[in-house]
Amino acid sequence: MRHYESRFTHHAGFIMQSILTTLMFVAPDWVLSLTRERRPNAFWAEYILWPAIQIIIVLFIVLTLVAYLVYLERKVSAFMQARLGPMRVGPWGLLQPLADGIKLLLKEDIIPIKADRAVFIIAPIVSVVAALVVLAVVPWGAAWATIANVNIGLLFILAVSSVGVLGLVLAGWGSNSKYSLLGALRSSAQMVSYEIGMGLSIIGALMFARTLSMSGIIDGQRLDGIWYVFVQPLGFLVYAVSALGETNRAPFDLPEAESELVAGYHTEYSGFRWALFFMAEYSAMIVTSAVAVTVFLGGWMFPGITGTSLFGYGPISNPTVHTFASIVVFAAKIMALIYAYMWFRWTWPRYRYDQLMELGWKWMIPAGLANIVLTGIWYVLAMPKAQGGVFGFMREVNSRLVPTGKGLIYFIGTAFVITIPIVWGMLVTINRRSRDFNLHEQRQLQSQLRRERLEKMLQEQPRPAETAGQ
Amino acid sequence: MVMQEQPVTNAQETLFDAEEMVLNMGPQHPSTHGVLRVILKLDGETVTDLDCDIGFLHRGVEKIGEHDTYAMITPYWDRLDYVAAVSNDLCYVEGVEKMLQVEVPKRAEYIRVILTELQRIASHLLWLGTHAMDIGAVTVLLYCFREREEILKIFEDFIGARLTAHAFRIGGLWWDAYPEFETRVREFLKILPGRVEEYETLLNANRIWLQRTVGIGILPAEEAINLSLTGPALRGSGVKYDVRKAQPYSAYADFNFEIPIGENGDTYDRYLVRMEEIKQSAVIIEQALDGLPEGPVMAKVPKIIKPPVGEVYHSIEAPKGEIGVYLVSDGTGKPYRMRIRPPSFINLQSLKRMSIGHLVADVVALIGTLDIVLGEVDR
Amino acid sequence: MADDTTEKPNQGEGKEPSTEKAEPAAPDSKPVIAGAEGPETPQPPADTAKPSPPSAEKPAPPKAAPAAGHKPAPPAKKGPTITFDITGDALIDRIRERFGDAITEAVATLGQQIIRVKKASFVELCNFLHDDDEALFDMCTDLTAIHWPQRGGEEFEVVILLYSVPKNRRLRVKVSLADGEACPSVTHIWAGANWMEREVFDMFGIVFDGHPDLRRILLPEDWPGFPLRKEYPIEYRDNAWTDKHLDYREIDYDTSLIDVKYAERR
């Protein structure tokens, strides 16, 4: 036991001192670097205490963020609809989530009589836990701003967010209502279908990143010098649509829409249980946005501020400030995507269920697969000649293939100019017999045919049912 | 919740068996536009049979029509199609004027036309808002209500009420138009085209909207006529029947306007027809304002209205369809029989014919496209 | 210009005003003789091949004829009639020629034509009106009934308002029924008459033979009575349905009597 003779020693706080002593005992490196102390105990610091602090911070922030996302959605939708949204509770209605939270907590806890109690109670918990566990591997910022930097981070995210589907089905079953069950089954079928699309769409980007670790992917974008959205536009599009379908957001929100007959898996839930489902939905939104930002939009990097340099203006040199700035950049990018989520919800009508499933299986999945194949072809062609490639647009740096300047142009060019048209042609071919395909042209064609028919008929004789009066 | 009773053999079987399911879209439902109960028989998601249970809003207006004097009955007509109150009044008031053979002054007729066409625009805007909201585009509802608000403000200043506005009296109007009426209506007409274009941009070529409305609820022209469908729903099927042109009433013969006709008889056509009708209404109002004559607004009508013995049927083109009044008079001050020909009630019959074969999610779109108001369905 | 209609709704060139005293609506037993004014055509003439008659303006058809020296008849107790027989109309003549006696009356009032037919030929007439090339009444605008309790043996009158879309022409067909007599249904001709007949059944109690699904439409299934009959009172009253379905409880506002046990619910 060492006595700390440091500036933390107070007069009036022996207990305080001993707590702080213990904390310093187990503090991680970077905190100690602030105080210039040596680190005594690695295990406790690195694996128990520091992650606990990180978890608490992240949970606190994310849950508050979820509550305020609801507020933001109301405000954004209000402004889009020429009105103001919540304005009464607090300045500009900023305390509205607080009021909503209190209200939900105080509501009567209704459990339907014939419902399966255990299942009914567990379902929202499963949903929320599955949605929140994923937050552990999301790279919120540089350096220490990730809770767990697992080297299969992306796979972990996809796998664990699938567990949320279980929560849905349990909710539908536990409610003991035919309609809740049907709604739950539809929701879960939709989520599972679009998860496949999500998984396939990011494989193209993974070919460049060569790793499943989330920070590794960001690193890959830094080393390759380009955000993957530019070399994988199709992947980004497919991912965006699949994310909408995965999180049951408009235009794919039929299973939970108000005007739908089967009111959805969370009909019988009230009060805080319902709030848990809501939290799970918004956390899923945050997570899918985070994955999109990480894989396609460069994560916490922003040229000139964090991660990479912009025309010589380097990233911030002070590591702590750099990390905090990276958190801010990441948050800003996520908010931009979430704003897009909300924008889509309040602009577009809803797809019918069969149209929704058709979109997932006949448009997203073939597009994702084609994207993988074509990206693979361009990648192999661009490998250095020494390794068997044709164009040699990449070079090996630290045992990692990095595209050259020409390589970047090549990848961007092929992605936009060749991949997209080929895939579009393929999708059109697959879907050309679908009734809903290109309705606009169908109608114009029909109108034209009809006009021709009418003219022919009018030449023969006037149709009685068409004309009346003037 | 209506469920068929099934023998419990095996939990699995009763829950997932392949028999038809009976689904009840109850009287309280966000998309049934009022208290309408629709009982669907489903095979999976396809509708095999549909039955409407109505009467929740039945108030016995026809019975009241036998016990009140002619002038006292007029406000009841506002409450039929409460969304388009002003035009219902026109039907009844003109019917009585027909029986009395009263000639309404020209100025009153023109102002009646202006108010009725404004009400038509308001009704179609509300229809568009609720229909789009049912299909999922919620924002359109709020935009439509923004425009409707302007019209209701004009009504409030003229008539005194926004929703169940009782403007017409037997013989003309009670008040003349207030001085700023014309300017306000013209201002409104100036902003209307831009707004309508907004809606069309949002919806007309929107892939999702097309997928939800094209080919849904196709009703061929002959069947539509046979089902006694009237109004924009009938015109969407290609039948050129509009009471304003077929039997012009009020001052409509003086105006130059077109009647939009649909082609295929599906939901998208009915949507296009109603959007075009909004524009045509604006055209009519413009012409009426330009040609508004001076003069009295009320004809000389006796204090106690006693039409001669006889009967009359008079109908007008309400926004929902052809609304008519069939009055049988026995020479006293109260009608012997007042029959309301309700367009929504008769249009609702077609729901069954249109929805069989479609999916459950389309039933909501079809109820919206028929544009029913339960006040009129149930009277 | 008829601006005031107090004294004489100056109609009827009718020589015989309708003689019914306490009864409403003329077209009952005595067809009124028409004035020299031609028959009425339906309002604005459409592009139809109609015979000649001068198209009357909407508000005052028969008044426009200071015709043939007929003096306006002295008002009867009810006032002169506005109803008179149809002559010279091609379609009505055709109908008369085909159905003969079954058409008991064909009158026009205020420009609207009404035919009264016997029940036995009702469906045949409707088929004729629907299918015939000159008639082409393809839309049934409305189907309703009127209750005349004063007339013994003919209490109910079922009225169909027909409309021809191609010819832009309206017609009204009436059938008289005794109390308890059933009326043949026309649902197989005009599908739109389905709900209209159901409503007539609901409100008047007239049974329609051949209707595919005759049950109450606006009122609950087990409602007793038929509201639009003249003997049904307009005021509210308790009946079998309200006793069964509406649960009234008298609540005394003395608070000591309020004893709702919330704890009884789990």
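First, a word on what this report is: a plain description of the structure on this page. These figures come from a predicted structure and were not determined experimentally. (Residues numbered from 1 in each chain as written. Chains lettered and ligands numbered in written order. Predicted model: local features only at pLDDT ≥ 70, side-chain atom pairs only at ≥ 80, totals over all residues. Heavy atoms only, no water.)

### Details of the pattern of salt bridges
Selection rule: Within this document, salt bridges are pairs made up of a side-chain nitrogen of Lys or Arg and a carboxyl oxygen of Asp or Glu, the two lying within 4 Å of each other. Partly exposed describes any residue whose relative accessible area lies between the buried limit of under 20% and the exposed limit of over 50%, with all areas from a 1.4 Å probe on protein chains only and scaled to the type maximum.
Using the criterion set out here, one finds 58 salt bridges over all chains in the structure. In this structure, aspartate 242 of chain B and arginine 235 of chain B form a salt bridge, with 3.7 Å as the shortest nitrogen-oxygen distance. Here aspartate 242 of chain B matches arginine 235 of chain B in class, with each residue buried. Residues glutamate 157 of chain C and arginine 151 of chain C are paired through a salt bridge, measuring 3.3 Å at the closest nitrogen-oxygen approach. Arginine 151 of chain C shares its class with glutamate 157 of chain C; the two are buried. Each of the salt bridges in this network shares a partner with another, and the network as a whole consists of Glu117, Arg120, Arg235, Asp242, Arg244, Glu277 and Glu317 of chain B.

### A short note on the state of the cysteines
How we decide: Put simply, a disulfide is two cysteine sulfurs that come within 2.5 Å.
Scanning the model with the defined rule gives 0 disulfides over all chains in all. Cysteine cysteine 126 of chain C is unpaired, with the sulfur of cysteine 140 of chain C as its nearest cysteine sulfur at 8.4 Å.

### Regarding the interface of chain B and chain C
Basically, it comes down to this: Any two residues whose heavy atoms approach within 4.5 Å at even a single point are treated as in contact. Buried area counts how much accessible surface, traced with a 1.4 Å probe, disappears from two parts once they are put together, with both parts' losses summed. Contacts described as polar in this section are N or O atom pairs within 3.5 Å, which, within protein, must combine one atom able to donate a hydrogen with one able to accept it, while residues neighboring in sequence count only if both atoms come from side chains. Under the convention adopted here, Pro, Cys and the residues Ala, Val, Leu, Ile, Met, Phe, Trp and Tyr are nonpolar, Asp, Glu, Lys and Arg are charged, and Gly plus all remaining residues are polar.
Each partner contributes residues to the interface: chain B has 57 residues there, and chain C has 69 residues. Of the roughly 5,300 Å² buried between chain B and chain C on both sides combined, carbon and sulfur atoms contribute 56%. Of all residues in chain B, Gln101, Glu311 and Tyr336 of chain B give up the largest surface area on contact with chain C, accounting jointly for 15% of the area buried on that side. A salt bridge links arginine 215 of chain C to aspartate 51 of chain B; its shortest N-O distance comes to 3.0 Å. Counting across the chain B and chain C interface gives 28 residue pairs in polar contact (both at pLDDT 80 or more). Residues of the side of chain B that touches chain C, tallied by class, amount to 28 nonpolar, 14 polar and 15 charged.

### Topic: the packing of aromatic side chains
Two numbers describe a pair of aromatic rings. These are the distance of the centres and the angle of the planes. The cut-off we apply is this: Pairing of aromatic rings covers Phe, Tyr and Trp, the last through its six-membered ring, and needs centres within 6.5 Å; plane angles under 30 degrees mean stacked, over 60 mean edge-to-face, and all others mean tilted. Working definition: helices are DSSP H or I runs of at least four residues, strands are E runs of at least two. Numbering for both runs from the N terminus.
Counted under the stated rule, the structure contains 35 aromatic pairs over all chains. Ring plane angle 50° and centroid distance 5.4 Å describe the contact between phenylalanine 345 of chain B and tryptophan 195 of chain C, whose orientation is recorded as tilted. Pair noted here: phenylalanine 345 of chain B is in helix α13 (residues 343–348) and tryptophan 195 of chain C is in helix α3 (residues 193–204), and the two residues belong to different chains. Tryptophan 195 of chain C matches phenylalanine 345 of chain B in its accessibility class, with the two residues each being buried. Taken together, a centroid distance of 5.5 Å and an interplanar angle of 50° make the contact between tryptophan 223 of chain C and tryptophan 241 of chain C tilted.

### So, empty space enclosed by the protein
Residue and element names in this part refer to chain A. Spelled out, the test is: Using a 1 Å grid laid over the protein atoms alone, points where a 1.4 Å probe fits but cannot get out form a cavity; open sets with protein on both sides within 12 Å along at least 5 of 7 lines form a pocket; any residue with an atom within 4 Å of a point counts as lining. Grid points are joined across faces, edges and corners, and a volume is the space filled by probe spheres set on the points.
This model, assessed by the stated rule, comprises 11 cavities of 30 Å³ or more. When its volume is computed, the largest cavity comes out at roughly 340 Å³. Taken together, 24 residues line the largest cavity, and the ones lying closest to its centre are Ser161, Met191, Ala280, Glu281 and Ala284. Looking at the lining of the largest cavity, the element that brings in the most residues is helix α11 (residues 271–296), giving 7 residues.

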